[in-house]
Amino acid sequence: MKDELTSLWEATANDAPKTEKPEGEYDCDVMIVGAGFTGMSCALQLAKGGASVIVLDAVRPGFGASGRNGGQVIPGLKHDPETIDRLYGAFSTEFAGNTAKTTFDLIAEHNIDCDATPSGWIQGTIKRDHLGLLETRMREWQSRGADVRMLDAAEVQAISGSKRLVGGWLDNRAGQLHPLKYIRGLTRAAQSAGCQVFAPAPVRSMNCISGKWHARIAEGTATIKSDHVVVATNGYSGDLFPKLRKSLIPANSFQVATAPLGAEQLATVLPNKTPVSDSRRIGNYFQIGPGGRLMMGGRGTFADPVGRDAFREIISELHAYYPQVKSVPIEFCWSGTLAMTYDHFPHLHRPLENMTMAVGYNGRGVALSTSLGKAIADNLLRPDMPLPLRFSDIKPLFAHDLHRAYATMAIWYYRLRDHLER
């Protein structure tokens, strides 16, 4: 393993796009805070539509979860279609079902080099008790025209190469990509369309004066003025927007990657290179990554990892799925922070007429945040264009400062339920 906690994506990415620190005063139509998938897809769409756009990021594009996630491009939300229909309507369900296509289409349109592959995705299970739920989920999407089907034990084991799985469903709308290459490509596309991207540029203060936003950058004298602000900070929302931060539960996703597998091992470990997520409440996701490495991720501790010991559970799960790779060294370990919401839906907020916020992708961030960023841009360019979700009030969670304690208890409860199911 590497001496430090290093991301496989960072080790295999292309060069980062050039950004600079802002100096002086700037004016634009839309200012976007956060250069992840949401912010950059929004910026690209706005710039293509003729708006002047400035994106600010505290560190660099893709520093947060957008550059560290599992790279699985999965359509839909955490909720099933009938629930989305009931709570939001058929338009929202259609939007959710098309998020992977929207993402792949955007990549193709701008010729983004990010190893994007519409290879499908399997939600598999090691629990026979989950098979009925998975079939219901599959049929609800199938009835809406999605290219999906159930897999029996023999099929899922043949496609995944793991005898641990007892069934699942295949979603051919989905796929995978290199997330850090993707966010860097999105950034370059937005810059080519005329967007300015400033980083590192942490925002120290933001005030609305006579209908115009004024943002001041920390450790400098730069001021950015705009008619509208889009807040796209998600799991890295800080004290600039304390009410928003307290409405989210930041959760760490831990990932590991092996050294490159040999040809014989690759023939038995995910031989079709179709990524997999398991159906447990506290489950794992895995795929073949750059260089023929087996990658696995899952829920980590709420404390940031400081060494290899923090990844023992993920490594144990990897070996449980694929005992044939136990002798292969673990070469990379890393983590990133995603944002969970109390209802497991993404949240759109418009606390003021000239401010839009989008947060809470609950582990479905690649396709969903790309698509929602684009949708926000379309709405700003043409207010008659409907958004896929209703605006909601920002609701800080009760005793948010204790979120690590009660979220940890919730995880223990979910693990117990997973354990008790056969």
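Reading the values: the criteria
Residues numbered from 1 in each chain as written. Predicted model: local features only at pLDDT ≥ 70, side-chain atom pairs only at ≥ 80, totals over all residues. Heavy atoms only, no water. Helix = DSSP H or I, 4+ residues; strand = E, 2+ residues; numbered from the N terminus. Rg over C-alpha atoms; globule rule 2.2 N^0.38 Å. Buried < 20%, exposed > 50% of the residue type's maximum accessible area, 1.4 Å probe, protein only. Contact = heavy atoms within 4.5 Å. Areas by Shrake-Rupley, 256 points an atom, 1.4 Å probe, with all protein chains shown as cover. Lys, Arg positive; Asp, Glu negative; His and termini not counted. Charge placed at Lys NZ, Arg CZ, Asp CG, Glu CD. Expected span 1.5 Å × (residues − 1). Arc of directions from axis to C-beta. Phe/Tyr/Trp six-rings, centres within 6.5 Å; stacked < 30°, edge-to-face > 60°. Salt bridge = Lys/Arg side-chain N within 4 Å of Asp/Glu carboxyl O. Core = buried A, V, L, I, M, F, W, Y, C linked by side-chain atoms within 4.5 Å. Pairing = 2+ DSSP bridges. Axes fitted to C-alpha atoms, helices over the stretch in contact; angles between N-to-C directions. 1 Å grid on protein atoms, 1.4 Å probe; cavity = no way out; pocket = protein on both sides within 12 Å on 5 of 7 lines; lining within 4 Å. Points joined across faces, edges and corners; volume = space filled by probe spheres on them. Nonpolar A, V, L, I, M, F, W, Y, C, P; charged D, E, K, R; others polar.

Caption draft 1: Inspection of the overall build of the protein at higher detail. The helix and strand tally for the protein stands at 13 helices and 18 strands. Expected size for 422 residues packed as a compact globule is a radius of gyration near 22 Å; at 21 Å, the protein falls within 12% of this value. With the C-alpha coordinates aligned to their principal axes, the bounding extent of the protein is approximately 65 × 50 × 45 Å. Within the span of the protein, comprising 422 residues, buried residues form 57% of the whole. Long-range contacts, defined here as pairs at least 24 residues apart, represent 76% of the contacts in the protein between residues at least 6 apart. Of the roughly 17900 Å² of accessible surface on the protein, 51% is carried by carbon and sulfur atoms. Across the protein, 46 positive and 43 negative side-chain charges occur, with their mean positions spaced 3 Å apart.

Caption draft 2: Representation of helix H12 (residues 365–381) within the structure. Taking 1.5 Å of rise per residue, 17 residues should cover 24 Å, and H12 covers 23 Å from first to last C-alpha, within 8% of that figure. Burial analysis of H12 places 13 of its 17 residues in the buried class, the great majority of the element.

Caption draft 3: Structural detail: helix H5 (residues 99–109). Buried residues of H5: Thr99, Ala100, Thr103, Phe104, Leu106 and Ile107, and no others. In a view along the axis of H5, the buried residues occupy a sector of 155°, so they form one face of it. Set apart from the buried face of H5 by more than 90 degrees, the exposed residues are Lys101, Ala108 and Glu109. One or two steps after H5, the chain reaches Asn111, where phi turns positive at roughly 50°.

Caption draft 4: Layout of the packing of aromatic side chains. A complete count under the given rule lists nine aromatic pairs for this structure. Each ring, one from Phe37 and one from Tyr182, has its centre 5.0 Å from the other, and the planes form 35°; the classification is tilted. A residue pair is termed long-range when its members are at least 10 positions apart, and Phe37 in helix H2 (residues 37–48) and Tyr182 in helix H8 (residues 179–192) qualify at 145 residues. Given a relative accessible area of 2%, Phe37 falls into the buried group. Consider the rings of Phe254 and Phe311, whose centres lie 4.9 Å apart with planes at 35°: the pair is tilted. A residue pair is termed long-range when its members are at least 10 positions apart, and Phe254 in strand E12 (residues 249–258) and Phe311 in the loop between strand E15 (293–299) and helix H11 (312–321) qualify at 57 residues. Of the residues examined, Phe254 reaches a relative accessible area of 1% and is grouped as buried. Judged by its relative accessible area of 0%, Phe311 falls in the buried class.

Caption draft 5: Here's a closer look at the pattern of salt bridges. Going through the model one piece at a time under the given rule, you end up with 19 salt bridges. Its salt-bridge partner being Lys101, residue Asp105 comes within 2.7 Å of it at the nearest N-O pair. Here Asp105 and its partner Lys101 are both found in helix H5, four residues apart, which amounts to about one turn of the helix. For Asp105, a relative accessible area of 38% puts it in the partly exposed group. Salt bridges linked by common partners bring Arg164, Asp278, Arg280 and Glu317 together as one network.

Caption draft 6: Examining the nonpolar core more closely. Among the nonpolar cores identified, the biggest contains 62 residues, and Ile32, Met40, Val55, Tyr182 and Leu186 are the most heavily contacted of them. Residue contacts for Leu186: discarding those within four places in its chain leaves Phe37, Met40, Ser41, Leu44, Leu106 and Ile112.

Caption draft 7: Local environment of the sheet that holds strand E5 (residues 148–151). Strand order in the open sheet formed by eight strands is E5-E6-E4-E13-E14-E15-E12-E16, with mixed pairing between adjacent strands. Where the open sheet ends on each side, the last strands, each with one partner, are E5 and strand E16 (330–340). For this sheet, the mean inter-axis angle between neighbouring strands, taken without regard to orientation, is 20°. For E5 and strand E6 (residues 167–171), the ladder comprises four bridges, and the chain directions are antiparallel. Paired with Met150 across the two strands is Trp169, which belongs to E6. Lying on the sheet, helix H6 (residues 131–142) is in contact with strand E4 (121–125), E5 and E6; it crosses E5 at an angle near 160°. Across the face of the sheet, H11 comes into contact with E12, strand E13 (276–278), strand E14 (284–289), E15 and E16 while running at roughly 125° to E15.

Caption draft 8: Seen up close, the side chain of Thr93. With respect to the helices, strands and loops of the structure, Thr93 is situated in helix H4 (residues 90–97). Setting aside residues up to four positions removed in sequence, Thr93 forms contacts with Pro81, Ile84, Asp85, Trp141 and Arg144.

Caption draft 9: Just empty space enclosed by the protein, in detail. The full count for this structure, using the stated rule, is one cavity of 30 Å³ or more. By volume, the largest cavity amounts to about 50 Å³. In this structure, the largest cavity is lined by Ser247, Tyr342, His347, His349, Ser392, Asp393 and Lys395. Taken together, the residues that form the lining of the largest cavity break down as one nonpolar, four polar and two charged.

Caption draft 10: Here's a closer look at the pairing of E12. The element E12 is extensively covered by neighbouring structure, given that nine of its 10 residues are classed as buried. Where E12 lies against E16, 10 bridges are found, and the strand directions are antiparallel. Bridge pairing links Ser253 to Gly336 in E16. Examined bridge by bridge, E12 and E15 share five bridges and lie antiparallel to one another. Note on E15: the bridge partner recorded for Phe254 is Gly298.

Caption draft 11: Looking closely at unusual backbone geometry. Looking along the chain, the bond that leaves Ala199 and enters Pro200 is cis, with omega of 0°. Within the secondary structure layout, Pro200 lies in the loop between strand E8 (196–198) and strand E9 (203–209). Unlike most non-glycine residues, Leu270 shows phi in positive territory, near 45°. Along the polypeptide, Leu270 turns up in the loop between helix H10 (263–266) and E13. Phi is positive for Asn362, which is not a glycine, with a value near 55°. Within the secondary structure layout, Asn362 lies in the loop between strand E18 (355–359) and H12. Accessibility expressed as a relative area gives 2% for Asn362, which makes it buried.

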